[in-house]
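A structural walkthrough
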Amino acid sequence: MTTTVRTSAFTEPDRPKNLQIRYLNQVGAHVDVTGSGEHAENNRWKCHGCKDTSRSPETDWLFWMREKASAHASACRAIPLT
Ligand SMILES: [Zn+2]
């Protein structure tokens, strides 16, 4: 018996060791927040659909990156092409 939950039409990319949060955009592409987590300023986000990433600043506290990545996932409609 498997406990895997399929939440996307696309194959889930490998989970990097420093993956903190993984969102799905409007069409099921993954939006990842990676970094050292809650008490570090080196967190960043990247969308596997449209390839957009965090910038200005590129890295920040997790609570800021969480909000920005979540907002991006809510608006993005790009599918992953690879
Ligand atoms: Zn996107």
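As a reminder, the structure under discussion sits directly above these lines.
Heads up: these notes are all about the structure in this document. The structure presented is a predicted model; accordingly, all values stated were derived computationally and were not measured. (Residues numbered from 1 in each chain as written. Predicted model: local features only at pLDDT ≥ 70, side-chain atom pairs only at ≥ 80, totals over all residues. Heavy atoms only, no water.)

Thoughts on the sheet that holds strand E1 (residues 19-24)
For clarity, the cut-off: Any two strands with at least two DSSP-identified bridges between them are counted as paired. Going along the chain from the N terminus, every DSSP run of H or I of four or more residues is numbered as a helix, and every run of E of two or more is numbered as a strand. Between N-to-C directions, angles span 0 to 180 degrees; the directions come from axes that are lines fitted to C-alpha atoms, helices contributing only their stretch in contact. In this analysis, two residues are considered to be in contact whenever any of their non-hydrogen atoms come within 4.5 Å of each other.
Read across the open sheet, the 3 strands follow the order E1-E2-E3; overall the sheet is antiparallel. Strands with a single pairing partner mark the edges of an open sheet, and in this sheet they are E1 and strand E3 (44-47). In this sheet, adjacent strand axes meet at a mean angle of 20° when their direction is disregarded. Of the pairings in the sheet, the one linking E1 to strand E2 (residues 30-34) comprises 5 bridges and is antiparallel in character. Its bridge partner lying in E2, Leu24 is registered against His30. Sheet contacts for helix H1 (residues 62-75): E1, E2 and E3; angle to E1, the most-contacted strand, approximately 20°.

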